[in-house]
Amino acid sequence: MITPVLLCGGSGTRLWPLSRKSYPKQFADIIGDESLFQASARRFRGTEFTDPLVVTNNDFRFIVTEQLDECDIEPVGILIEPEGRNTAPAAVAAALHLLRSDPEAMLVLVPSDHAVADPELFRASVLRGAVAAQEGQIVTFGILPERAETGYGWLESGPETHPGVHRLERFIEKPEQARADELFADKRYLWNAGVFLARAQTLVDAFREHAPDILDAVIPTLDDAVADLGFTRIDPEGWAKVREESIDYAVMEKVGNISAVRFDGKWSDLGSWEAVWRGSAQDDTGNALSENTTALHCENTLLRSESEEVELVGIGLKNVVAVAMRDAVMVADISEAQNVKMAVNTLKARGAKQAVQLPVDHRPWGWFETLVLADRFQVKRIHVHPGAALSLQSHMHRSEHWIVVQGTARVTVDDEVKLLSENESVYIPLGAVHRMENPGKVPMVLIEVQTGAYLGEDDIIRYEDVYARK
């Protein structure tokens, strides 16, 4: 069987303002009714595949478990990277982890932020490469190109070595337009999907030959890894010494035992808003519209409103992308969509919180959003999942008032524990040790009013926490 290894530790900014460091694009509903991460996990359901091994970071660990639970998928493991070191260390860590329980393990390394229109066809392509992988090849996947794309790397495929499997001649960096036109005209050239299939031992051997420093640095980080609430925490001290590198540069462009399988279906890495526009349903004039948007006399335009409270109207627009959220709006010519990252860097330099933080803050127990923030007071809406509980905590600089608007809350304030139903409230004095829990089977929602001299999220002293947060 093949183990899908889902890489989802990235914090991409090219789809800002929807994708931000606090909640990147792989966890958002970009196309369709589920997240890209969930679609990636579902893509490999079948008797030929195990449940996935996930590699992510500490901030996303509970988002991963929540979204997999919604898909009724139980991962075979979740590796927590202390910090992002690019794809090479993550890949070899996953391979080593699998080898500890199965010396014959085979894995497929998959970025979790790609869109594939035909999952069954993609699974068939992976299985087509399995024979070559079992014989010691590393198999990558090339996409039949739809256009002379300059935003993707390309592959040059050679003679067929197995049915549907070709020798890979070389990787090609993102080309200039003239070169892309040449590649598109030649059927040997394919888009690079960044997906790799191999026996775990084959991958480790490739690192031993071509990137031994990465392999030697990663091994002790797994030896010193710690199990924590179902996660495997890679040793942070050792991980900090691992060289940061992509798997393409570290290994794949150097090995001789590499092959390619062509995938003829529709695929996108959704690496820009232009790619989202191409992958979205369009009307007769090329407009892709979300709910709460209106287009008048527009052509080839993407309009997205990510808030029911914001109506986005485009008039006379052509080749434009406009994305509106409650706290930020981005408007660009589609041809400039690749430069969104530059805008995010500018916002970061200005200290704008919108650069990295969504208005909705996701936590292991649910989420909250700030409705009003002013001098000495803040109003939040807090959503707590059924059966979930916040930490037992206190604050040094603020008091709080909770009003339940949906469901039932079990509230602890110092030595008193009581149940609050809808329309009931409780006051939390400054310094009181308190906790809220949802004992019910439906989400619990409350409004929190904070008052005090300092309202930052770091004004928390935790005494107990079922999620083991420090």
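How each quantity is defined
Residues numbered from 1 in each chain as written. Predicted model: local features only at pLDDT ≥ 70, side-chain atom pairs only at ≥ 80, totals over all residues. Heavy atoms only, no water. UniProt positions renumbered as here; feature names shortened; annotations may be inferred. Buried < 20%, exposed > 50% of the residue type's maximum accessible area, 1.4 Å probe, protein only. Helix = DSSP H or I, 4+ residues; strand = E, 2+ residues; numbered from the N terminus. Pairing = 2+ DSSP bridges. Contact = heavy atoms within 4.5 Å.

Per an unreviewed UniProt entry, the protein chain is named mannose-1-phosphate guanylyltransferase, and its organism is Lutimaribacter saemankumensis. In its Sequence similarities (unreviewed entry) section, UniProt records this for the protein chain: "Belongs to the mannose-6-phosphate isomerase type 2 family." As its UniProt record puts it under Catalytic activity (unreviewed entry), the protein chain is described as follows: "alpha-D-mannose 1-phosphate + GTP + H(+) = GDP-alpha-D-mannose + diphosphate".

**Q** Now, about the pairing of strand E16 (residues 302-305): what can you tell me, with residues and values included?
**A** Judged by which residues are buried, E16 turns out to be covered on both faces: Leu 302 and Arg 304 on one side and Leu 303 and Ser 305 on the other are all buried. The pairing of strand E14 (residues 288-289) with E16 spans two bridges and is parallel. When the bridges of E16 are listed, Leu 289 appears paired with Leu 303. The pairing of E16 with strand E18 (residues 320-324) spans four bridges and is classified as parallel. The residue bridging Leu 302 from the neighbouring strand is Val 321, located in E18.

**Q** Just give me the short version of the sheet that holds strand E19 (residues 329-333), but keep the residues and values in it.
**A** Pairing is mixed in the open sheet, where four strands are placed in the order E14-E16-E18-E19. Each edge of the open sheet carries a strand with a single partner, namely E14 and E19.

**Q** Can you lay out the side chain of Arg 20 for me, pointing to particular residues and giving the numbers?
**A** Mapped onto the secondary structure, Arg 20 falls in the loop between strand E1 (2-7) and helix H1 (36-42). Those residues within four positions of Arg 20 in sequence are excluded, and the remaining contacts are Gly 12, Met 325, Asp 327, Ala 328, Gln 354, Ala 355, Val 356, Gln 357, Leu 358 and Pro 359.

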